[in-house]
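# Chains, contacts and geometry: an overview
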Amino acid sequence: MSLSTLRTSSADDPGSSTPALSELTTLRVGGPVDDYVEAETEAELIDAVRAADDADRPLLVIGGGSNLLVADEGFAGVVVRDVRQGLDADLEDSCGTDGACGGASLRLPAGQDWDAFVAEAVANEWVGVEALSGIPGTVGAAPVQNIGAYGQEVSGVVASVVTWDRATGSRRTFPLSGLGFGYRTSLLKRTMRVDGGDGAPWYPTPRYVVLEVNLQMRLGNLSAPIGYGELARRLGVEVGERAPSAAVREAVLELRGGKGMLLDGVGGAATPDHDRWSAGSFFTNPVLPAEAADELPDDAPRFPVRSATPESTVRPSLGVVDPTLVKTSAAWLIERAGFTKGFGLAGEHSPARLSTRHTLALTNRGGATAADLVALARAVRDGVRDTFGIDLEPEPVLVGTAL
Ligand SMILES: Cc1cc2nc3c(=O)[nH]c(=O)nc-3n(C[C@H](O)[C@H](O)[C@H](O)COP(=O)(O)OP(=O)(O)OC[C@H]3O[C@@H](n4cnc5c(N)ncnc54)[C@H](O)[C@@H]3O)c2cc1C
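To start, this report covers the structure provided alongside it. (Residues numbered from 1 in each chain as written. Predicted model: local features only at pLDDT ≥ 70, side-chain atom pairs only at ≥ 80, totals over all residues. Heavy atoms only, no water.)

The immediate surroundings of the ligand are formed by 37 residues, with V61, S66, T138, T205 and R256 found nearest. Here G63 contributes a backbone N or O atom positioned 2.7 Å from an oxygen atom of the ligand. One of the side-chain N or O atoms of Q145 is found 2.8 Å from an oxygen atom in the ligand. Burial of the ligand by the surrounding chains reaches 96%, relative to a free accessible area of 980 Å². Of all elements in the fold, only strand 3 (59-62), strand 9 (148-149) and strand 13 (208-219) reach the threshold of two or more residues within the shell around the ligand. For the shell around the ligand, a count of residues per class yields 21 nonpolar, 13 polar and three charged. (Near = heavy atom within 4 Å. Polar contact = N/O pair within 3.5 Å; in protein donor to acceptor, adjacent residues only side chain to side chain. Areas by Shrake-Rupley, 256 points an atom, 1.4 Å probe, with all protein chains shown as cover. Helix = DSSP H or I, 4+ residues; strand = E, 2+ residues; numbered from the N terminus. Nonpolar A, V, L, I, M, F, W, Y, C, P; charged D, E, K, R; others polar.)

Below, the structure written as structure tokens:
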């Protein structure tokens, strides 16, 4: 199939309207793109990726644009968006005499909306993603940074990921054991470097473009064990206990709503709600050696660091705790370094400010540029470094700009 058969638009073609990245990202900043392609089939997706790579053109495979901060200059290359939605489910709900039970084996195209899938999973009693409710974006991007929230990560349910390997020009399937999942990272994300490690630049999209994600989920109406204190308290259970998945989804959506951590327009919020014009958490929570965490003030939050996959494959369980590491809270560090909710470099009328509901979200108040957001991010990062000696790492993928 040639590129000409796809839904494409090009900045060079006066008749077509190529969207700017400000229209494709949740931060709503970012300049024009040279070419834009929407792929409706896997063949179209591969075709568009291969055509860009063969022509040595910069490539950005985009999902919901909810983890991207793109420069005002835009992207001088090809932006490809997989618009496929859907789900194939293979259910096996019988339990053998040995106590081993079946589950749901699911196959989803990369373009599938993540939260629509979570809603479907909770409704169908497929267990393991309920605490990941309300995260914007696509199924394909989920394993790239191993999305996580409220004590759950997608790595807990991934069975395998089918990719297009841009280096060899062929499909490659990674089983769970080959995906190298960690806190907000994976093997896929680690190939997304300016020098991809094999002499080729794979940035801002990984060497491996996700085509399809296969999930293996337990069946039942009780959630996976709750792994986060705030959520456990809201549900009236202890960490490690389970609760009805529907209640977990509801509680997570409420907690997220209170922090402005939902997409604008979701959950009945008034639109526009500028606290929601963000990329979610702008910095990851620092993971420190246990001795370094001892140096933090007594009231600094300290969370256990658990393995990305559950401890047991035969019963519901949390990940294994690594006693040598401690995760602290980037939001707490930011606040203690003097950047309170709503902070802006030029005061309350700044176009880019911290969310008024969560210090970890950098937000566009309506007229911000990418440069405004980068300036704010630098100030916050430098302030935390000066106060605590800790370097905050940005979570979104920065395109055409850097901190
Ligand atoms: C309000 C809000 C709340 C958020 N809360 C959370 C949270 O709780 N936890 C969390 O982990 N994240 C959170 N995020 C961040 C974001 O939603 C996730 O990282 C999400 O998985 C990004 O998906 P996307 O489709 O929007 O990816 P995009 O932003 O479009 O892309 C991000 C990166 O993934 C790459 N990518 C996209 N699709 C593919 C593909 N098919 N193959 C290979 N690479 C691909 C892109 O090239 C890019 O490098 C939040 C964001 C917002 C705006």
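Additional details are given in the paragraphs that follow.
Considering all chains together, one arrives at 21 salt bridges under this definition. For R107, the salt bridge goes to D88, with nearest N and O atoms at 2.8 Å. Of this pair, R107 sits in strand 7 (residues 104-109) while D88 sits in strand 6 (residues 88-91), placing them 19 residues apart in sequence. For D88, a relative accessible area of 41% gives the class partly exposed. Linked through salt bridges whose partners overlap, the residues forming this network are D273, D275, R276, R357 and R365. (Salt bridge = Lys/Arg side-chain N within 4 Å of Asp/Glu carboxyl O. Buried < 20%, exposed > 50% of the residue type's maximum accessible area, 1.4 Å probe, protein only.)

Here we take up the packing of aromatic side chains. Scanning the model with the defined rule gives seven aromatic pairs in all. Ring centres of F282 and F283 lie 5.2 Å apart, and the angle between their planes is 75°; on these two criteria the pair is classed as edge-to-face. Judged by centre distance (5.8 Å) and plane angle (45°), the rings of W332 and F388 are tilted. A residue pair is termed long-range when its members are at least 10 positions apart, and W332 in helix 7 (residues 330-336) and F388 in helix 8 (residues 370-388) qualify at 56 residues. (Phe/Tyr/Trp six-rings, centres within 6.5 Å; stacked < 30°, edge-to-face > 60°.)

Taken as a whole, this structure holds one cavity of 30 Å³ or more when the rule is applied. The volume enclosed by the largest cavity comes to roughly 40 Å³. Forming the boundary of the largest cavity are E130, A131, Y150, G151, Q152, S223, A224, P225, I226, G227, L231 and V248. Classifying every residue of the lining of the largest cavity by side-chain character gives seven nonpolar, four polar and one charged. (1 Å grid on protein atoms, 1.4 Å probe; cavity = no way out; pocket = protein on both sides within 12 Å on 5 of 7 lines; lining within 4 Å. Points joined across faces, edges and corners; volume = space filled by probe spheres on them.)

Let's shift gears to the sheet that holds strand 1 (residues 7-10). The strand order across the open sheet formed by four strands is 1-2-5-3, and the pairing between neighbours is mixed. Either end of the sheet is taken by a strand with one partner, and the two such strands are strand 1 and strand 3. Adjacent strand axes in the sheet meet at a mean angle of 15° when their direction is disregarded. In terms of strand pairing, strand 1 meets strand 2 (residues 33-39) through four bridges, oriented antiparallel. Considered in strand 2, the bridge of T8 is made with V37. (Pairing = 2+ DSSP bridges. Axes fitted to C-alpha atoms, helices over the stretch in contact; angles between N-to-C directions.)

Function cannot be read off these values alone, since they describe shape.
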